[in-house]
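Descriptive analysis of the structure
The chain contents come next:
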Amino acid sequence: MRRINDERADGEQVADGVYLADLAAGERASMKHWRVEPGATLPVHRHDNEQIGYMIRGTLTAITDDEEITLRPGDSYLFTSGELHGAENRGDEPAVGIGVLSPPRSDPDWKQS
């Protein structure tokens, strides 16, 4: 068994104000801890991975090709494989959550260098 605590996960800024940290990963899925600072935007993108997640704190506006949905603590979400999506933190505090991708993914293709 492998145990990873979010306090020990290596967080990396992948876009202005957007941070990702690797948590547990296996052959079929990977888990990410993410944080989106107030005013920050997760670029709109799509990928072959199915993505499910859970909001821990803050609020986040999820953006798809035809709607915007406000996610709050306790909400879970699903982006299907190939679904266009992004997010904006329009609140006053960091939005924090976890995401699970299947199949596993390392770096997002929208990552800024």
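Numbering of residues begins from 1 in every chain and follows the order in which that chain's sequence is written. Only residues with pLDDT of 70 or above have their local features reported here, since the model is predicted, and side-chain atom pairs are shown and tallied only from 80 upward, although totals for entire chains, interfaces and linings are computed over all residues. Calculation of side-chain values draws on the structure's entire complement of heavy atoms; hydrogens and water are dropped beforehand.

The pLDDT score gives, residue by residue, the confidence of the prediction method on a 0 to 100 scale. Summary statistics for the protein chain give a mean pLDDT of 90 and a share of 88% for residues scoring 70 or more. We count a stretch as a helix when DSSP gives it H or I for four or more residues in a row; a strand needs E for two or more, and each element gets its number in order from the N terminus. Within the protein chain, no element has a lower average pLDDT than strand β1 (residues 11–15), which sits at 88, and none a higher one than strand β7 (residues 68–71), at 98.

Buried Ala, Val, Leu, Ile, Met, Phe, Trp, Tyr and Cys residues that are joined via side-chain atoms within 4.5 Å together make up what is termed a nonpolar core. Each residue is placed in one exposure class: buried if its accessible area under a 1.4 Å probe, protein chains only, is under 20% of its type's maximum, exposed if it is over 50%, and partly exposed if it falls in between. By size, the foremost hydrophobic cluster in this structure holds 16 residues, and its most contacted members are V18, W34, V36, M55, L60 and A95. Listing elements by their share of this core, those giving two or more residues are β1, β2 (18–25), β3 (30–36), β6 (60–64) and β8 (76–79). Residues within four places of L60 in sequence aside, it is in contact with W34, V36, M55, I69, T70, L71, A87, E88, N89 and A95. Two residues form a contact once any of their heavy atoms are found within 4.5 Å.

Our focus in this paragraph is the sheet that holds strand β4 (residues 41–45). Only strands joined by at least two bridges in the DSSP assignment are considered to pair. Taken together, the 4 strands give an open sheet; going across it, the order is β4-β9-β6-β7, and neighbouring strands pair in antiparallel fashion. What marks the edges here is a single partner per strand, and that holds for β4 and β7. The mean angle between the axes of side-by-side strands here comes to 25°, regardless of whether they run parallel or antiparallel. Where β6 lies against strand β9 (residues 85–88), 4 bridges are found, and the strand directions are antiparallel. Note that in β9 the partner of I63 across the bridge is G86. Under this scheme, a helix contributes an axis fitted over its contacting stretch, all axes are lines through C-alpha atoms, and angles between N-to-C directions fall in the 0 to 180 degree range.

Quick look at the pattern of salt bridges now. The working definition used for a salt bridge is a side-chain nitrogen of Lys or Arg within 4 Å of a carboxyl oxygen of Asp or Glu. For the structure on display, the rule yields 4 salt bridges. As a salt-bridge pair, K32 and D22 come within 2.4 Å of each other at their nearest N and O atoms. Highlighted residues: K32 in strand β3 and D22 in strand β2, separated in sequence by 10 residues. For K32, a relative accessible area of 6% puts it in the buried group. Close ionic contact of E88 with R90 constitutes a salt bridge, the shortest N to O distance being 2.8 Å.

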